[in-house]
Amino acid sequence: MSRPGLFITFEGIDGAGKSSHIEGLAAAFRSQGRTVTVSREPGGTPLAEKLREMVLNDPMDALTESLLIFAARRDHLRNVIEPALARGEVVLCDRFTDATFAYQGAGRGFDLGVLATLERLAQTGLAPDADWMREPDLTVWFDLAPEVAAERLAGARVPDRFEAQPVEFFRRVAQGYADRAAAAPQRFARLDAAQERHRVWQQLTSVFVRKGWLAIMVATQGGPQ
Ligand SMILES: Nc1ncnc2c1ncn2[C@@H]1O[C@H](COP(=O)(O)OP(=O)(O)O)[C@@H](O)[C@H]1O
Ligand SMILES: Cc1cn([C@H]2C[C@H](O)[C@@H](COP(=O)(O)OP(=O)(O)O)O2)c(=O)[nH]c1=O
């Protein structure tokens, strides 16, 4: 019997540690026989990657930014995420719609009601049930104080348009994530991302073991060095 697809997203402020763990988790799933698609937003298709370049580099107002992000998201859902889920794969996506509510909504102060409308438009009509809005099965939230994230990022890479924002911006973004998690506690798994890397990995894998999506052995091995 084929297994149902799993759509898992990773969220948190820039520098929270998401990217450090996604490939390790993909390897853990693969070692247990699952086919995994790893992707990211904005991005994940040729069109969406072009839109990503614009969103990360060109100045624009918050509505334009939100429209481009949701356009990229729909293309990504249509061409990558929905087909992979239909094949029963595990889809691991570095950021998704919670990032839009956190960055454009809480961070830039854009209207949350408009974002909810765009979310419904962009994420409906693609899954097998035409009226159903696609959402992640699980969202792993790397929760980290903005000051710690800024320290980790200092010197680590050239900042994009968002990473160059002041710490107050990231405080609002972090609160945006907290609000999203409070509104959908059954979908969110919060990790204490301030811990050492191997401890974050342990927290991460135990979430998947508890859900029955990974066997217990991977909770004690693997992960980033
Ligand atoms: N638990 C951790 N403790 C200390 N530094 C970390 C930890 N996890 C990641 N880092 C470092 O912090 C920086 C940001 O991590 P990254 O995974 O790129 O974050 P994100 O993808 O969330 O922006 C990188 O330099 C990474 O090596
Ligand atoms: C998905 C998404 C990302 N972003 C921002 C957050 C990040 O600063 C940036 C790119 O995200 P990310 O891929 O995490 O960048 P990196 O791997 O370089 O850390 O885009 C939004 O503002 N809204 C969104 O909906």
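Residues numbered from 1 in each chain as written. Chains lettered and ligands numbered in written order. Predicted model: local features only at pLDDT ≥ 70, side-chain atom pairs only at ≥ 80, totals over all residues. Heavy atoms only, no water.

1. What to know about the UniProt feature "binding site: ATP" (unreviewed entry) in the protein chain
This is how it is decided: UniProt positions are given in the numbering used here, feature names are shortened, and annotations may be inferred rather than shown by experiment. Think of a 1 Å grid over just the protein atoms. A cavity is a set of points where a 1.4 Å probe fits yet cannot get out, a pocket is an open set with protein on both sides within 12 Å along at least five of seven lines, and lining residues have an atom within 4 Å of a point. In this description a helix means any DSSP run of H or I spanning at least four residues, a strand means any run of E spanning at least two, and both kinds are numbered starting from the N terminus. Residue burial is assigned from relative accessible area. The probe radius is 1.4 Å, only protein chains are included, and a residue is buried under 20% of its type maximum, exposed over 50%, and partly exposed in between. The contact criterion used throughout is that any non-hydrogen atoms of two residues lie within 4.5 Å.
Annotation from UniProt places "binding site: ATP" (unreviewed entry) at Gly-12, Ile-13, Asp-14, Gly-15, Ala-16, Gly-17, Lys-18 and Ser-19. Lining the largest pocket, from the residues just named, are Ile-13, Asp-14, Gly-15, Ala-16, Gly-17, Lys-18 and Ser-19. Within the secondary structure layout, Ile-13 lies in the loop between β1 (6–11) and α1 (19–31). Taking relative accessible area as the criterion, Ile-13 reaches 2% and is therefore assigned buried. When residues no more than four places from it in sequence are discounted, the contact partners of Ile-13 are Arg-95, Tyr-103, Leu-144, Ala-145, Pro-146, Ala-149, Phe-170, Val-173, Ala-174 and Tyr-177. Position of Ala-16 relative to the elements: it lies in the loop between β1 and α1. Relative accessible area serves as the criterion here: at 3%, Ala-16 is assigned to the buried category. Discounting chain neighbours no more than four positions away, the residues touching Ala-16 are Phe-142, Leu-144, Arg-152 and Ala-193.

2. Some details on unusual backbone geometry
For residues other than glycine, phi is negative in most cases, and the peptide bonds are mostly trans. With an omega of -10°, the peptide bond between Glu-41 and Pro-42 qualifies as cis. Relative to the helices and strands, Pro-42 resides in the loop between β2 (36–40) and α2 (46–57). With a phi angle near 80°, Arg-95 is a residue other than glycine that sits in the positive phi range. The topology assignment puts Arg-95 in the loop between β3 (90–94) and α4 (97–107). Given the relative accessible area of 12%, Arg-95 is considered buried.

3. Structural notes on the pattern of salt bridges
Two side chains with opposite charge may pair up if their charged atoms get near one another. Applicable threshold: Salt bridge criterion: a side-chain nitrogen from Lys or Arg within 4 Å of a carboxyl oxygen from Asp or Glu.
Inspection of the entire model under this criterion finds 13 salt bridges. A salt bridge links Arg-73 to Glu-41, with the shortest nitrogen-to-oxygen separation between them at 2.5 Å. One end of the pair, Arg-73, is in helix α3 (residues 62–86); the other, Glu-41, is in the loop between β2 and α2, with 32 residues separating them in the sequence. Residues Arg-73 and Glu-41 agree in their burial class; the two are buried. A salt bridge links Glu-65 to Arg-108; the shortest N-O distance between them is 2.8 Å. Linking Glu-65 in helix α3 with Arg-108 in the loop between α4 and α5 (112–123), this pair joins segments that are 43 residues apart in sequence. Of the residues examined, Glu-65 reaches a relative accessible area of 0% and is grouped as buried. A cluster of three or more residues bridged by salt bridges with shared partners is formed by Asp-98, Glu-119, Arg-180 and Arg-187.

4. Observations regarding the nonpolar core
Which entries qualify depends on this criterion: Throughout this description, the term nonpolar core refers to a set of buried Ala, Val, Leu, Ile, Met, Phe, Trp, Tyr and Cys residues connected via side-chain atoms within 4.5 Å.
Within the largest apolar cluster, 44 residues are counted, with the highest numbers of intra-cluster contacts made by Ile-8, Phe-29, Leu-92, Tyr-103 and Phe-208. Once you skip the residues sitting within four places of it in the chain, Tyr-103 turns out to touch Gly-12, Ile-13, Asp-14, Arg-95, Arg-108, Phe-162, Phe-169, Phe-170, Val-173 and Tyr-177. With nine residues, the next largest nonpolar core counts Ile-81, Leu-85, Val-91 and Leu-126 among its residues.

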